[in-house]
Amino acid sequence: MNCTSFHKNIPSFLEHSCDLELEKQMKSHLEKCESCSLLLQQVYLTMQTAMEDVLHEDDVYFYSRLRSRLDTPAAGQKKFSLQFTLAISTFAVAASVFLGIMLGNNLMHYESTSVNNSFASSNPIASELSLSDLNTPSSVYYELFNDDPNESE
Amino acid sequence: MKPSHLNEVSLVSEILAKNEEAFKTLVDEFQQKVINICYGFTHQKEDAMNLAQEVFVEVYQSISSFRQDAKLSTWIYRIAVNKSLNHLRKNKRNRLVETWDNLFGNENINNAVPLNDHADKNYIDMERRSIINKALDSLPDAQKTAFTLHKLEDFSYQQISETMRVSVPAVESLMHRAKMNLQKKLVNYYKDNL
């Protein structure tokens, strides 16, 4: 077994999950190779450090700090301001949509009025006619050509 | 004494009734475990203390939503794990700034001036902690969580499975993969730095 192969199998060796033959080869290599022995030792000790890294000291002021945090308005206000912001945002979106619809309706009404008005101002004959007359083709004909539809020829 | 189920029910009722003594009992019971859960993720004592405070603030504010379909401890530990993971995500950018060079300077550790035995051991422990914490931070969240919880006393695979909402075999698998991944990273590091 060479060092590369040894390095590759360190995790399974430490977890005792390699087969007996491989374990035998690993142990044999350890006896001959000082650098691999040191490497294995460092990996093992570092893993142990991880498992032992816990806090043991008791913080006697933990509850009093927690209590003052709960008693300050900021703890409740933060939650409240989030709800308030959401409510305001929802209302703003709804108001914008409503205003948009209202403006759109007004704009359409204005445009149809101004089209009629601009048509009337550019056509002197049409301008003498009222809007309701424009809707009656026979009356338009009569006005334009001075024909009395009731006269017989 | 750990609260039994019946005690838990009455403890929760008392807290809902704004009984301060009941809430203090709850904090005293779970404080150390919650701090160590947070410390397992943050690796910084101050951050762990602040996060643990936030956990209990949320417990206090959300106690009415505790459905008692799980143990009170499981519910509290879940909040601690979720808060810790969110904290890590928020600070991820800051953590990426740290490099191995920043941790060890330009000198090879083997060429450092030898210190007295006690200081040397503390220094070595500190360095090992830095190395393993870096490796832990690179694990996927599920493996990181399982490994962190497993470090704590009284945290059986059953308790871990309830906290993480996975089966016990899943916890065993996560632990195995976490250890294998950590060891691989350590081998790769020490190969070039011994």
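These numbers were taken from a predicted model, which means no experiment stands behind them. (Residues numbered from 1 in each chain as written. Chains lettered and ligands numbered in written order. Predicted model: local features only at pLDDT ≥ 70, side-chain atom pairs only at ≥ 80, totals over all residues. Heavy atoms only, no water.)

> Is there a simple way to think about the overall build of chain B in this case?
Scanning chain B from terminus to terminus reveals ten helices and zero strands. For chain B, the residues scored as buried account for 44% of the 194 residues in total. Sequence separation of at least 24 residues holds for 68% of the intrachain contacts in chain B that already meet a minimum separation of 6. For chain B, the exposed surface amounts to about 10600 Å²; the carbon and sulfur share of it is 48%. (Helix = DSSP H or I, 4+ residues; strand = E, 2+ residues; numbered from the N terminus. Buried < 20%, exposed > 50% of the residue type's maximum accessible area, 1.4 Å probe, protein only. Contact = heavy atoms within 4.5 Å. Areas by Shrake-Rupley, 256 points an atom, 1.4 Å probe, with all protein chains shown as cover.)

> Sorry, what's going on with the confidence of the model for chain B here?
Detailed reading of the predicted model is not advised wherever pLDDT is low. Residue and element names in this part refer to chain B. Mean pLDDT over chain B works out to 85, with 83% of the residues at or above the 70 mark. This stretch, residues 104-117, has a pLDDT under 50; its non-local contacts, to residues over four places away or in other chains, come to eight contacts. Scoring the predicted complex yields pTM 0.69 and, for the interface, ipTM 0.80. (pLDDT = per-residue confidence, 0-100.)

> Just checking my understanding: could you explain the side chain of Asn9(A) for this structure?
Residues and elements named next belong to chain A. Take Asn9: it is sitting in helix α1 (residues 3-14). When its relative accessible area of 15% is taken as the criterion, Asn9 is described as buried. Here Asn9 is in contact with Met1, Leu22 and Met26, once residues within four sequence places are set aside.

> I tried to follow the packing of aromatic side chains on my own but got confused; where do I start?
Any two aromatic rings considered together are summarised by their centre-to-centre distance and by the angle between their planes. Applying the stated criterion across every chain yields a total of seven aromatic pairs over all chains. Arranged with centres 6.3 Å apart and planes meeting at 55 degrees, the rings of Tyr63(A) and Phe23(B) form a pair that is tilted. Residue Tyr63(A) is located in helix α4 (residues 62-71), and its partner Phe23(B) is located in helix α2 (residues 20-42); the two belong to separate chains. Neither residue differs from the other here; Tyr63(A) and Phe23(B) are each classed as buried. (Phe/Tyr/Trp six-rings, centres within 6.5 Å; stacked < 30°, edge-to-face > 60°.)

> Whenever I open this one, the interface of chain A and chain B confuses me. Can you help?
Many structure descriptions define interface size as the accessible area lost when the parts assemble. Taken together, the contact between chain A and chain B spans 33 residues of the former and 39 residues of the latter. For the chain A and chain B pair, buried surface summed over both sides reaches about 3700 Å², with 66% attributable to carbon and sulfur atoms. A per-residue breakdown of the area chain A buries against chain B is headed by Leu55(A), Phe62(A) and Tyr63(A), which together make up 19% of the total. Run the count over chain A and chain B and you get one salt bridge. Where Arg69(A) meets Glu54(B), a salt bridge forms, and the shortest distance between an N and an O atom there is 3.8 Å. Taken together, chain A and chain B are joined by eleven residue pairs in polar contact (both at pLDDT 80 or more). A per-element tally of the side of chain A that touches chain B places helix α3 (residues 34-52) of chain A first, with ten residues. Partitioning the side of chain A that touches chain B into residue classes produces 17 nonpolar, seven polar and nine charged. (Buried area = accessible area lost by both parts, 1.4 Å probe. Salt bridge = Lys/Arg side-chain N within 4 Å of Asp/Glu carboxyl O. Polar contact = N/O pair within 3.5 Å; in protein donor to acceptor, adjacent residues only side chain to side chain. Nonpolar A, V, L, I, M, F, W, Y, C, P; charged D, E, K, R; others polar.)

> How do you make sense of helix α10 (residues 168-193) of chain B when you look at a structure like this?
An α-helix turns once every 3.6 residues. As a result, residues three or four positions apart point the same way. With 26 residues, α10(B) should reach 38 Å at 1.5 Å per residue; the first-to-last C-alpha distance of 37 Å fits that figure. For α10(B), the complete set of buried residues consists of Val171(B), Leu174(B), Met175(B), Ala178(B), Lys179(B), Met180(B), Leu182(B), Gln183(B), Leu186(B), Val187(B), Tyr189(B) and Tyr190(B). (Expected span 1.5 Å × (residues − 1).)

> Where do I start with the pattern of salt bridges in this structure?
All names here are of chain B. Under the counting rule described, the total for this entry stands at eleven salt bridges over all chains. Where Lys121 meets Asp125, a salt bridge forms, and the shortest distance between an N and an O atom there is 3.1 Å. Of the two residues, Lys121 and Asp125 are both situated in helix α7 (residues 117-137); the distance of four residues between them amounts to about one turn of the helix. Taking relative accessible area as the criterion, Lys121 reaches 51% and is therefore assigned exposed. Two residues, Asp141 and Lys144, come together in a salt bridge whose shortest N-O distance is 3.8 Å. A residue pair is termed a helical-turn pair when its members lie 3 or 4 positions apart in one helix, as Asp141 and Lys144 do in helix α8 (residues 141-151) at three residues. Lys144 sits in the buried class, given a relative accessible area of 6%.

> I'm lost on the state of the cysteines in this one. Help?
Such a bond, covalent and formed between the sulfur atoms of two cysteines, is termed a disulfide. Residue and element names in this part refer to chain A. All told, the structure shown has zero disulfides over all chains when counted by the stated rule. No disulfide involves Cys3; its sulfur sits 3.5 Å from the nearest other cysteine sulfur, which is in Cys36. Looking at Cys3, the relative accessible area reads 31%, which means it is partly exposed. (Disulfide = S-S within 2.5 Å.)

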